[in-house]
Amino acid sequence: MSVVAELRGVSVELGDDDRRVAALTRIDLQVAAGQILGVAGESGAGKSTLARTLLRLVQPQAGTVLLEGNDITAQPERRLRRLRGRMTMTFRNPLAVLNPRMTVRALLEEPLRLHARLTAPARRAAVEALAERLRLRAGELELRPAELDAGRAQLVGLGRAIATQPRLLVLDEPTCELDTVAAAEFLALLASLRDSADMAIVLIGHDITALQPVADRIAVLYLGEIVEEGPTADLLRDALHPYSQALLSAHLPADPTRRGRRIRLRGEAPTPDDRTPGCGFAPRCPIAENRCRSGAPTPNQIGTDRRVACLRVLEGSSRIPLTR
Amino acid sequence: MERPGRTILRLLGIAAFVFLVIAFICFMLIKLGAAPPVVLLGGPNPMPEERAQLIAEYGLNQPAVVQFIRYVVRTLAGEFGRSWQTGATVADDLLARLPATLELMVYALLLGALIGIPAGVAAAFSRGRAEERTARGAGLVGAAMPSFLLALLLLLVFFRWLDLSPAPSGRLSVVLTPPPTITGSYFIDAILMQDAAAARSALGQLILPVLTLALLIAAQLTLQVRTAILMQLDTAHFAYARAQGMSRDMLTGIAMRGAAPSIWAAFCGQCAALLGTTAVIEYVFAWGGVGQYGLEAMSRGDFAVMQAFILLSAALSLLVHLMHAGVRRVARLRIRRA
Ligand code: SF4
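Residues numbered from 1 in each chain as written. Chains lettered and ligands numbered in written order. Predicted model: local features only at pLDDT ≥ 70, side-chain atom pairs only at ≥ 80, totals over all residues. Heavy atoms only, no water.

**Re the overall build of chain A**
And then number 1: Looking only at helices and strands, one finds 10 helices and 12 strands in chain A.
And then number 2: For chain A, the C-alpha radius of gyration of 21 Å lies close to 20 Å, the compact-globule estimate for 324 residues.
And then number 3: Once the C-alpha set of chain A is aligned to its principal axes, its extents read approximately 65 × 45 × 40 Å.
And then number 4: Expressed as a percentage of its 324 residues, the buried residues of chain A come to 53%.
And then number 5: Long-range contacts, defined here as pairs at least 24 residues apart, represent 65% of the contacts in chain A between residues at least 6 apart.
And then number 6: Carbon together with sulfur atoms contributes 49% to the accessible area of chain A, which is approximately 14800 Å² in total.
And then number 7: Taking the average location of the 45 positive side-chain charges in chain A and that of its 39 negative ones, the two points are 1 Å from each other. (Helix = DSSP H or I, 4+ residues; strand = E, 2+ residues; numbered from the N terminus. Rg over C-alpha atoms; globule rule 2.2 N^0.38 Å. Buried < 20%, exposed > 50% of the residue type's maximum accessible area, 1.4 Å probe, protein only. Contact = heavy atoms within 4.5 Å. Areas by Shrake-Rupley, 256 points an atom, 1.4 Å probe, with all protein chains shown as cover. Lys, Arg positive; Asp, Glu negative; His and termini not counted. Charge placed at Lys NZ, Arg CZ, Asp CG, Glu CD.)

Have a look at this one:
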């Protein structure tokens, strides 16, 4: 498997000179061709920043961003522009970003105009082929964004993102505005794309349920740090970080095979402003100990391809007891 | 849904109200003034017949309410009384001086926008880099600089030290005769009359005062435009355009389009605030415009002129508001139709 996109020790701060907040801290992440990496986390965890950093829409303060093995951390905007056909993105709310004056046909054609040297007939043919892949309905190519519902608009957003046959595709909460049926359809399409297009896909979602059907691996983000990352099946069966456990218990309440009760987290979802020394999750962690408030945990390798950033994981005591 | 013209009507209503309030304040200034009304309106030593005439004209021996109504009616008819300094009617004085002021303001606004808007855009686009800090620092210094100080500094450098600009002695070299009034701008009129010497002199006289005003405008515009564009850069819409790999020019266009209402508002704000600054600059450069006329009246207590000047400033900001609302209205209609 060839790694397409990679972050190495990436830290990102956002804001002006007057007020800087750490949005991402020492992120290590890899995603390979033919793979879907899911990223889960609450709002404010840094998901969107992570998406934008992968595409170098954001300049990290530390670390390295790689695309197909090339360091693009310090590339000037002019150079990056030429790569933008190879790494693409969809946004949370497609209706807010699609140009309302363009038809779906024109919207799908635009990336090709920007990045592919095609003759007009070739471009038209490419758009038709794309429409077919997206399973667009007859006549839909002539509509404008205002005439589409959120699901169809997100599909157009996806079409724009894959028009140039990118190597890396990042989807920022693509299903959050969609109803269940549209969301399922969208994810199914995504899975078929992974198998046919040989690209690396990063799928960002609010909760694990939205990722679980299609993601090969899942990374859990909390306060700008990856607290746990591993194969989807492992994570669902046996989440090791207390935060992942809480996320799962909150989102899979109706699963009869899961014993126990929901783990309720104390406190509000944090913002990067209330960072404390020590483990970022300590203020809300049900099994936090005193040492958690002084020493920050580093990611621990578990098995062959899992990592968990919790001080208690190596002793095997990071599972939240079911009865308290 | 807003009905067409509603905003304009509302603004006109506000205008009428503002006019009454200002008229009332002006009126009270005279009634409660430090000196008797006859002195405020007729100068320190009015002759007995002048005195009688003023009392009759303003109805100074009538009840206050009647005086106020008379005052409002006269003002609405464009009668602002006489200046005891020049002896002419204030209306005539204002009309004679208006072209000089307009000339200064129009050039300054154009030049200020030409510098300030691109500088603000460039500053926003170079966020976090040295260019931004430079533009922002220059903007802050310029925005905090008192207008007369900047004028004096420029005079010191370009007139005293470098001897590049003429003395601050009005709109034209004293040895030349002004061109006949066509547009009111000496420079343009001289060109139209093909009077090269007058045109050159008029231009030379214009440069420093226009530059002073333009720099002050540009400084504030830079800061305002920078903020407006920065807000656009943070929208999902803009991030999407960048992710698409659009060229720098396309991105600038997108940000400018999004920021256009704020930039337009900032520009209008500069227009509205301009008369006050222009007055100071006119004073420093002996420009002989409306602003200088108003300032001198204030310092000497020529009340008829002061009142007219206050009303003129109010009228100007109102006009700017109408311009602002009108353009926004048209722009919004265009967007809806597209
Ligand atoms: S390090 Fe401590 S506070 Fe942090 S998740 Fe593990 S047990 Fe909880």
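So, next bit.
**Topic: the packing of aromatic side chains**
And then number 1: Tallied over the full model, the rule gives nine aromatic pairs over all chains.
And then number 2: With a centroid separation of 5.2 Å and an interplanar angle of 65°, the aromatic rings of Tyr243(A) and Phe281(A) are classed as edge-to-face. Residue Tyr243(A) is located in helix α10 (residues 242–251), and its partner Phe281(A) is located in the loop between α10 and β11 (300–302); the two are separated by 38 residues in the primary sequence. For the pair shown, Tyr243(A) and Phe281(A) are each scored as buried.
And then number 3: An aromatic cluster is built from Phe24(B), Phe27(B), Phe68(B) and Tyr71(B), whose rings are joined through pairwise contacts.
And then number 4: Positioned above the aromatic ring of Tyr293(B), the side-chain terminus of Arg97(B) is 4.4 Å from the ring centre. (Phe/Tyr/Trp six-rings, centres within 6.5 Å; stacked < 30°, edge-to-face > 60°. Lys NZ or Arg CZ within 6 Å of the ring centre and 35° of its normal.)

**A few points about the side chain of Thr25(A)**
And then number 1: For Thr25(A), the location among the structural elements is in strand β2 (residues 20–32).
And then number 2: By relative accessible area, which is 16% here, Thr25(A) ends up buried.

**Quick notes on the sheet that holds strand β8 (residues 200–205) of chain A**
Residues and elements named next belong to chain A.
And then number 1: With mixed pairing, eight strands are arranged side by side in an open sheet as β6-β7-β8-β3-β9-β10-β12-β11. The open sheet has two edge strands with one neighbour each: β6 (87–90) and β11. Taken pair by pair, the neighbouring strands of this sheet meet at an average axis angle of 20°, ignoring direction.
And then number 2: Examined bridge by bridge, strand β10 (residues 225–231) and strand β12 (residues 306–308) share two bridges and lie antiparallel to one another. Across the sheet, residue Glu229 finds its bridge partner in β12, namely Arg307. (Pairing = 2+ DSSP bridges. Axes fitted to C-alpha atoms, helices over the stretch in contact; angles between N-to-C directions.)

**Here's the deal with the interface of chain A and chain B**
And then number 1: Taken together, the contact between chain A and chain B spans 22 residues of the former and 15 residues of the latter.
And then number 2: Interface area for chain A against chain B, summed over the two sides, is near 1700 Å², with a carbon-plus-sulfur share of 53%.
And then number 3: Per-residue buried area on chain A facing chain B is highest for Leu57(A), Arg81(A) and Val97(A); these three make up 27% of the total on that side.
And then number 4: One can count one salt bridge joining chain A with chain B.
And then number 5: Between Arg242(B) and Glu77(A) there is a salt bridge whose closest N-O contact spans 3.2 Å.
And then number 6: There are six residue pairs in polar contact (both at pLDDT 80 or more) connecting chain A and chain B.
And then number 7: If you tally residues by element for the side of chain A that touches chain B, the top one is helix α4 (residues 104–115) of chain A, at four residues. (Buried area = accessible area lost by both parts, 1.4 Å probe. Salt bridge = Lys/Arg side-chain N within 4 Å of Asp/Glu carboxyl O. Polar contact = N/O pair within 3.5 Å; in protein donor to acceptor, adjacent residues only side chain to side chain.)

**Some remarks on the pattern of salt bridges**
Residues and elements named next belong to chain A.
And then number 1: Scanning all chains against the criterion turns up 30 salt bridges over all chains.
And then number 2: The closest approach of N and O atoms between Glu68 and Arg86, which form a salt bridge, is 3.0 Å. Residue Glu68 is located in the loop between β4 (62–67) and β5 (70–71), and its partner Arg86 is located in the loop between α2 (77–83) and β6; the two are separated by 18 residues in the primary sequence.
And then number 3: Residue Glu68 is classed as partly exposed on the basis of its relative accessible area, which comes to 30%.
And then number 4: Salt bridges linked by common partners bring Lys47, Arg92, Asp172 and Glu173 together as one network.

**Looking at helix α4 (residues 64–76) of chain B**
Residue and element names in this part refer to chain B.
And then number 1: With 13 residues, α4 should reach 18 Å at 1.5 Å per residue; the first-to-last C-alpha distance of 18 Å fits that figure.
And then number 2: For α4, every residue scored as buried is listed here: Gln67, Phe68, Tyr71, Val72, Arg74 and Thr75. Buried residues along α4 cover an arc of 165° about the axis, so they all sit on one side. For α4, the exposed residues set more than 90 degrees away from the buried face come down to Val65, Val73 and Leu76.
And then number 3: A positive backbone phi angle near 80° is found at Gly78, which sits one or two residues after α4. (Expected span 1.5 Å × (residues − 1). Arc of directions from axis to C-beta.)

**Some details on the domain arrangement of chain B**
And then number 1: We note that the domain assignment places domain 1 (4–76) and domain 2 (93–301) within chain B.
And then number 2: The C-alpha centroid of domain 2 of chain B is placed 34 Å from the C-alpha centroid of domain 1 of chain B. (Domains from an automatic or database assignment.)

**What to know about the packing of helix α10 (residues 236–243) of chain B against helix α11 (residues 248–284) of chain B**
Residue and element names in this part refer to chain B.
And then number 1: At their nearest, the axes of α10 and α11 sit 10 Å apart, and the two run at 170° to each other. Classified by the angle their axes make, α10 and α11 are roughly antiparallel. Residues His237, Phe238, Ala241 and Arg242 of α10 touch α11, and the partners they reach there are Leu251, Ile254 and Ala255.
And then number 2: Class assignment of the residues belonging to the contact of α10 with α11 gives a composition of five nonpolar, one polar and one charged. (Parallel < 35°, antiparallel > 145°, perpendicular 65-115°, else oblique. Nonpolar A, V, L, I, M, F, W, Y, C, P; charged D, E, K, R; others polar.)

**What about the site of the ligand?**
And then number 1: Surveying the vicinity of the ligand reveals 13 residues, the closest of which are Cys279(A), Cys285(A), Cys292(A), Cys310(A) and Leu311(A).
And then number 2: Taken together, the residues of the shell around the ligand break down into 11 nonpolar, one polar and one charged. (Near = heavy atom within 4 Å.)

**What about the domain arrangement of chain A?**
Residues and elements named next belong to chain A.
And then number 1: Segmenting chain A into domains produces domain 1 (3–86 + 164–315) and domain 2 (94–163).
And then number 2: For domain 1 and domain 2, the distance between their C-alpha centroids amounts to 29 Å.
And then number 3: Taken together, the contacts link 21 residues of domain 1 with 15 residues of domain 2.
And then number 4: Both sides of the domain 1 and domain 2 interface together cover about 1300 Å² of buried area, and 69% of this is carbon and sulfur.
And then number 5: Broken down residue by residue, the surface that domain 1 buries against domain 2 is led by Thr164, Phe186 and Leu189, which jointly contribute 41%.
And then number 6: Counting across the domain 1 and domain 2 interface gives zero salt bridges.
And then number 7: The interface formed by domain 1 and domain 2 contains four residue pairs in polar contact (both at pLDDT 80 or more).

**Considerations on a nonpolar patch on the surface**
And then number 1: On the surface, a nonpolar cluster with roughly 800 Å² of combined accessible area is contributed by Phe148(B), Leu149(B), Leu152(B), Leu153(B), Leu156(B), Trp161(B), Leu162(B) and Leu164(B).
And then number 2: With a relative accessible area of 63%, Leu164(B) lands in the exposed category. (Patch = residues over 30% accessible without salt bridge, like charges linked within 9 Å, V, L, I, M, F, W, Y side chains within 5 Å.)

**Some words on the environment of Phe159(B)**
Residue and element names in this part refer to chain B.
And then number 1: The residue Phe159 is located in helix α7 (residues 147–161) in this model.
And then number 2: Overall, Phe159 belongs to the partly exposed group, its relative accessible area being 26%.
And then number 3: Discounting chain neighbours no more than four positions away, the residues touching Phe159 are Leu154, Ser165, Pro166, Ala167 and Pro168.

**Examining unusual backbone geometry**
And then number 1: You will see that Arg56(A), though not glycine, has its phi angle at about 55°, which is positive.
And then number 2: On the secondary structure map, Arg56(A) appears in the loop between α1 (47–54) and β4.
And then number 3: Although it is not a glycine, Ala286(B) adopts a positive phi angle of roughly 50°.
And then number 4: Turning to its location among the elements, Ala286(B) is positioned in the loop between α11 and α12 (290–300).

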